Amino acid sequence: MPDKSDYLRTSGTFTPDIIEDIQVKAELGRYRIRGFGTLRERRWATFDDLTFIPCTLTRIPLEGYRERCSPKTLLGTRFAEKPIELEVPIMITGMSWGALSYNAKVALAKGANIVGSSNTTGDGGMLMAEREHSRTLIYEVLPSRYGIDVHHLQMADGIELTIGQGAKPGTGGLLLGSKVLDTVAEQRDLPLGVDQRSPARHPDFLGPDDMIIKIEELREATDWQVPIFVKMGATRVFDDVKLAAKAGADVIVVDGMEGGTGASAEICQEHTGVPTLAAVCEARAALEDLGLYGEVQLIIAGGIRHGVDAAKAMALGADAVYIGTAGLMALNCNKPIHVEDYHELGTEPYHCHHCHTGRCPVGITTQDPDLMKRLDIDEAAERVANLLQAMTSEIQILARACGKADVHDLDPEDLRALNLEASMICGIPLVGTNRVFGGGPGWKERE
Amino acid sequence: MADIICDGKTTRDINAEIKRLIANGETDICMRNPVARHNLGVAILQSVKLTFDGSVGYYCAGMVDGPTVEIKGSAGWGLAESMMGGTVTVEGNAGNGAAASIRGGTVVVHSDAASRLGVSMKGGLIIVGGNCGYMAGFMAQRGTMIVCGDTGEAFADSMYEAVCFVGGNIAELGNDAIIEQPTAEDLTFLESTLSQHLPSRVGNSQAPIRNFKKVVSGRKLWNFDKDERSVWREAL
């Protein structure tokens with residue numbers, strides 16, 4: 001009897017996954033679409049490849065459970081009359097009402113509000129309930145301008161001019177017809193049930209020179225009161241951040257390739273953009289190169305999972321982080337409840353990425369009233385608040401261990417790289433050495 | 001009528017002065033010598049009359065809701081972008097992206113409009129007395145666009161429920177755009193609308209109302225359909 005492995009040989013090129021992919025596309029006649037974000041195995045350097053080096057004898061730690069370590073966060077100090085003041089450095093990123101259910105949007109707003117964080121609107125405009133429940137609400141101005149409303153713009157505490165998104169930079173949004181229903185269609189001025197494909201370019205400006213004027217327009221429309229954010233997917237980060245800063249942004253948001261999405265071409269999620277770790281390093285270097293580090297605030301997004309990721313991003317240069325997918329998980333995304341409905345989608349809890357179908361078993365990425373009812377707004381809001389609080393406490397305990405009385409005092413010197421790649425990307429020493437192996441664009445050796 | 005002399009004033013000064021006058025009850029304000037400054041008259045939300053006595057730069061009357069704006073010159077990019085209500089009239093030409101993303105109101109350009117006219121419009125009425133450049137009406141969702149002259153390439157590409165009327169030649173229809181016979185109601189609408197906003201165009205022997213073409217969406221791009229290969233090859 002021959003051993004099975006002798007004749008059941010697998011191609012290294014046409015693996016079972018690739019064969020399945022080809023056969024699915026041979027049926028579909030288009031690229032595959034799904035939600036969630038990249039599912040690739042993480043073979044690139046991530047925040048996990050860094051470690052903090054807390055105080056021992058060369059530095060003195062703060063008492064981990066007692067001494068004050070401020071997480072208060074100030075954004076938009078460059079030009080705005082009213083910068084944004086938050087109690088925590090973790091914010092809720094823009095996710096559209098449409099991609100998310102009403103209950104999910106309101107729960108995120110309420111949860112963020114409980115701990116003094118912020119919420120952001122999304123592609124589709126402002127939901128009045130999220131305005132009512134958000135002390136701090138950031139209004140996204142996206143290329144599609146779905147739901148654009150000057151009255152809503154003037155009710156916001158910050159304006160985010162979105163150029164792109166980490167999960168799918170260079171492409172527009174996507175909302176399949178199963179979600180373009182009733183009030184969502186009406187708010188977006190779209191026919192019921194269309195597969196909405198948003199534009200990638202803004203309708204009234206193209207490049208950074210025009211964007212200077214666009215930013216001035218937004219300031220005039222809001223009487224220079226609120227900060228203007230510019231959000232971009234992480235690609236040519238060093239150059240793009242410099243262009244956004246020169247264009248007059250108060251705050252720059254860089255969204256790495258691990259960021260999530262409600263729906264997009266799968267290949268964009270898997271094969272475009274640069275990782276969040278690299279993005280934060282390039283972004284900081286860009287602002288330092290312009291002499292604007294600290295004056296223009298930096299928010300990092302894209303696969304931030306916990307306070308450790310957030311603390312490392314902040315040590316590398318971020319003033320705050322956005323969370324999206326982690327916030328949805330606090331709402332119950334991928335929780336093992338209503339398991340039969342996961343099975344109906346052909347998936348399992350902890351593996352679901354079917355946000356695009358509108359059949360979310362836990363009522364988050366759906367417009368189906370019955371599914372939506374599964375998400376109790378107040379209970380979900382409490383979980384979001386707890387997560388934000390927990391993540392903040394994780395940042396604080398690391399900061400105290402590093403002797404910092406303010407979470408924003410974490411810096412690259414508090415970190416070491418666990419491997420060469422992370423050292424080269426971040427420009428910080430490899431553990432066990434005093435050497436820095438490389439450093440990204442604009443990197444300069446620290447004194 | 002109140003005058004604002006724009007010479008020596010910044011955009012911020014001019015807009016602040018407009019808002020101050022409106023707050024004081026002024027309903028008819030003329031900006032003298034605007035020298036094509038950008039972002040003038042942005043986000044005005046009252047039913048007042050604003051006259052710009054010369055050309056203006058980018059985003060003039062952007063995001064307005066209610067005013068009647070007259071520009072006695074030409075306008076730069078993004079004229080009246082994201083407007084929600086009111087009327088914006090340009091005596092001369094308009095730059096790229098005029099009336100982009102408008103959700104309501106009326107934008108009238110007496111002469112020509114450059115590329116990307118009415119991109120992503122979500123409502124309202126756009127009237128161009130002359131020609132328009134490429135990609136006019138791209139992804140237009142709702143509302144009506146009337147171009148009395150010729151259009152550029154990719155006209156009315158990927159539209160949803162917007163309706164376009166063209167008096168001259170269409171250089172090239174965009175993806176999923178189709179020409180339809182105007183109805184009697186359409187012709188009546190054109191006659192009355194042009195009589196109101198561009199009276200000089202009515203009776204124009206080079207573009208009589210009966211010759212206007214109506215362009216709408218073929219609706220083949222509204223939902224993914226693998227059998228519409230030729231349309232989707234362009235759009236995907």
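Residues numbered from 1 in each chain as written. Chains lettered and ligands numbered in written order. Predicted model: local features only at pLDDT ≥ 70, side-chain atom pairs only at ≥ 80, totals over all residues. Heavy atoms only, no water.

**Student:** Looking at this structure, how should I read the overall build of chain A?
**Tutor:** Regarding its fold elements, chain A presents 16 helices and 16 strands. A globule of 447 residues ought to have a C-alpha radius of gyration of about 22 Å, and chain A, at 22 Å, matches this closely. Taken along its principal axes, the extent of the C-alpha atoms in chain A is 75 × 60 × 45 Å. Here chain A, with 447 residues, has 59% of them falling under the buried criterion. Look at the contacts in chain A between residues 6 or more apart in sequence, and 66% of them connect residues 24 or more apart. Element-wise, carbon and sulfur atoms account for 52% of the exposed surface of chain A, whose accessible area totals about 18,200 Å². The average position of the 45 basic charges and that of the 64 acidic charges among the side chains of chain A differ by 2 Å. (Helix = DSSP H or I, 4+ residues; strand = E, 2+ residues; numbered from the N terminus. Rg over C-alpha atoms; globule rule 2.2 N^0.38 Å. Buried < 20%, exposed > 50% of the residue type's maximum accessible area, 1.4 Å probe, protein only. Contact = heavy atoms within 4.5 Å. Areas by Shrake-Rupley, 256 points an atom, 1.4 Å probe, with all protein chains shown as cover. Lys, Arg positive; Asp, Glu negative; His and termini not counted. Charge placed at Lys NZ, Arg CZ, Asp CG, Glu CD.)

**Student:** Help me understand the nonpolar core, please; the structure alone is not making it clear to me.
**Tutor:** Looking at soluble globular proteins, one finds that nonpolar side chains tend to be buried together. Leu50, Ile252, Val254, Leu331 and Ile364 of chain A are the most contacted members of the largest nonpolar core, which totals 120 residues. Look past the residues within four positions of Ile252 of chain A in its chain and what remains in contact with it is Val230, Met232, Val241, Ala244, Ala245, Leu287, Val296, Gln297, Leu298 and Ile299 of chain A. Residues Ile14, Met31, Ala98 and Met145 of chain B belong to the second largest nonpolar core, which totals 51 residues. (Core = buried A, V, L, I, M, F, W, Y, C linked by side-chain atoms within 4.5 Å.)

**Student:** Which parts of the structure should I look at to understand the side chain of Glu81 of chain B?
**Tutor:** With respect to the helices and strands, the residue Glu81 of chain B is situated in the loop between β4 (65-71) and β5 (85-90). A distance of 3.1 Å separates polar atoms of two side chains, one belonging to Glu81 of chain B and the other to Arg145 of chain A. Leave out the neighbours within four places in its chain, and Glu81 of chain B touches Arg145, Asp204, Lys214 and Glu217 of chain A together with Tyr59, Gly62, Met63 and Ala100 of chain B. (Polar contact = N/O pair within 3.5 Å; in protein donor to acceptor, adjacent residues only side chain to side chain.)

**Student:** How do you make sense of the environment of Pro369 of chain A when you look at a structure like this?
**Tutor:** Residue and element names in this part refer to chain A. In this structure, Pro369 sits in helix α14 (residues 369-372). Of the residues examined, Pro369 reaches a relative accessible area of 54% and is grouped as exposed. When the C-alpha positions of Pro369 and Tyr102 are compared, they lie 9.6 Å apart, and in sequence the two are 267 residues distant.

**Student:** It is not clear to me how helix α15 (residues 377-401) of chain A should be interpreted in this structure. Could you clarify?
**Tutor:** Three- or four-residue spacings in an α-helix give side chains the same orientation, since the helix completes a turn every 3.6 residues. Residue and element names in this part refer to chain A. In this model, α15 (25 residues) spans 36 Å end to end at C-alpha, consistent with the 36 Å of a helix rising 1.5 Å per residue. Restricting attention to buried positions, one finds in α15 the residues Ile377, Ala380, Ala381, Val384, Ala385, Leu388, Met391, Thr392, Ile395, Gln396, Ala399 and Arg400. Buried residues in α15 make contact with β5 (90-92), α3 (102-114), α11 (307-316), β15 (320-323) and α12 (325-331). At the N-terminal end of α15, a side-chain oxygen is found 3.2 Å from the backbone nitrogen of Asp378, two or three residues along, and the residue is Asp376. Remark: Gly403 follows α15 within two positions and exhibits a positive phi of approximately 80°. (Expected span 1.5 Å × (residues − 1).)

**Student:** I'm lost on the layout of surface pockets in this one. Help?
**Tutor:** The gaps left among the atoms become clear once a water-sized probe is rolled over them. Residues and elements named next belong to chain A. Considered as a void within the structure, the largest pocket measures approximately 800 Å³ in volume. Contributions of two or more residues to the lining of the largest pocket are made by α2 (16-28), β1 (33-34) and α9 (266-271). Ranked by the residues each element gives to the lining of the largest pocket, the list is headed by α2, at 7 residues. Split into classes, the residues belonging to the lining of the largest pocket amount to 7 nonpolar, 4 polar and 11 charged. (1 Å grid on protein atoms, 1.4 Å probe; cavity = no way out; pocket = protein on both sides within 12 Å on 5 of 7 lines; lining within 4 Å. Points joined across faces, edges and corners; volume = space filled by probe spheres on them. Nonpolar A, V, L, I, M, F, W, Y, C, P; charged D, E, K, R; others polar.)

**Student:** For this particular structure, what's the right way to read the environment of Gly294 of chain A?
**Tutor:** Along the chain, Gly294 of chain A turns up in the loop between α10 (276-290) and β14 (297-301). Residue class for Gly294 of chain A comes out partly exposed when judged on its relative accessible area of 47%.

**Student:** What is the right way to look at the interface of chain B and chain A in this model?
**Tutor:** Many authors give the size of an interface as the accessible area that is lost as the parts come together. At the junction of the two partners, chain B supplies 41 residues and chain A supplies 48 residues. Interface of chain B and chain A: buried area, both sides summed, is about 3,900 Å²; carbon and sulfur atoms make up 53% of it. Inspection of the region where chain B meets chain A yields 6 salt bridges. Across the contact surface, chain B and chain A share 23 residue pairs in polar contact (both at pLDDT 80 or more). Where the side of chain B that touches chain A is concerned, the elements lending two or more residues are α1 (11-23) and α3 (229-235) of chain B. Take the side of chain B that touches chain A: its biggest share by element is 4 residues, from α1 of chain B. (Buried area = accessible area lost by both parts, 1.4 Å probe. Salt bridge = Lys/Arg side-chain N within 4 Å of Asp/Glu carboxyl O.)

**Student:** What am I meant to see in empty space enclosed by the protein here?
**Tutor:** Residue and element names in this part refer to chain A. Inspection of every chain in the model, using the stated rule, returns 6 cavities of 30 Å³ or more. Of the pockets and cavities examined, the largest cavity occupies roughly 710 Å³. For the largest cavity, the lining is made up of 49 residues, of which Gly94, Gln165, Gly260, Thr261 and Gly262 are closest to its centre. Sorting the residues of the lining of the largest cavity by element identifies β9 (174-175), β15 and α12 as the ones contributing at least two each.

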